[in-house]
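# Close look at the chain arrangement
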Amino acid sequence: MRHAGDGSNRLFILEQRGVIRVFDLDTDMLLATPFLDIDSMVDDAGNEQGLLGLAFAPDYATSGVFYVN
């Protein structure tokens, strides 16, 4: 789980299968639409495989750049 540091009051929840979900702290709700869904591109068959990391660029609020591992 990470925040973007963009002041949006959202938490980003990684699922090993390749989906990033968004939890809105203002409404205390998990949003229905994923932030990212790369399930078809991620091999999560093994114990240490899958979507394991997320990092936001320092200027994410303006650039929209983020990285996944």
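Residues numbered from 1 in each chain as written. Predicted model: local features only at pLDDT ≥ 70, side-chain atom pairs only at ≥ 80, totals over all residues. Heavy atoms only, no water.

### Thoughts on unusual backbone geometry
Glycine aside, negative phi is the norm for most residues, and most peptide bonds take the trans geometry. Phi angles above zero are rare outside glycine, and Asn9 is one such case at about 60°. With respect to the helices and strands, Asn9 occurs in the loop between strand 1 (2-3) and strand 2 (10-15). Among the residues examined, Asn9 registers a relative accessible area of 35% and is labelled partly exposed. The backbone of Asp28 sits at a positive phi, close to 55°, despite the residue not being glycine. Its place among the elements puts Asp28 in the loop between strand 3 (19-24) and strand 4 (29-30). Judged by relative accessible area, Asp28 falls into the exposed class, the value being 57%. (Helix = DSSP H or I, 4+ residues; strand = E, 2+ residues; numbered from the N terminus. Buried < 20%, exposed > 50% of the residue type's maximum accessible area, 1.4 Å probe, protein only.)

### Regarding the nonpolar core
By size, the foremost hydrophobic cluster in this structure holds eleven residues: Ala4, Phe12, Ile20, Val22, Leu36, Ile38, Val42, Leu51, Leu54, Phe56 and Tyr60. Elements that contribute at least two residues to this core include exactly strand 3 and strand 6 (54-56). (Core = buried A, V, L, I, M, F, W, Y, C linked by side-chain atoms within 4.5 Å.)

### Digging into the side chain of Asp24
On the secondary structure map, Asp24 appears in strand 3. Nearest to the buried, unbridged Asp24 among oppositely charged side chains is Arg10, at 7.0 Å. A polar contact is formed between the side chain of Asp24 and the backbone nitrogen of Thr27, at a distance of 3.4 Å. (Lys, Arg positive; Asp, Glu negative; His and termini not counted. Salt bridge = Lys/Arg side-chain N within 4 Å of Asp/Glu carboxyl O. Polar contact = N/O pair within 3.5 Å; in protein donor to acceptor, adjacent residues only side chain to side chain.)

### Examining the pattern of salt bridges
Summed over all chains, the structure comprises three salt bridges. Among the salt bridges present, the one from Arg10 reaches Asp6, with a minimum N-O distance of 3.1 Å. Note that Arg17 and Asp39 form a salt bridge whose closest N and O atoms lie 3.6 Å from each other. Of the two residues, Arg17 is situated in the loop between strand 2 and strand 3 and Asp39 in the loop between strand 5 (36-37) and strand 6; the sequence distance between them amounts to 22 residues. Residue classification places Arg17 among the partly exposed positions, given a relative accessible area of 36%. Note on Asp39: relative accessible area 32%, which makes it partly exposed. A single network of salt bridges, built from pairs that share partners, joins Glu15, Arg17 and Asp39.

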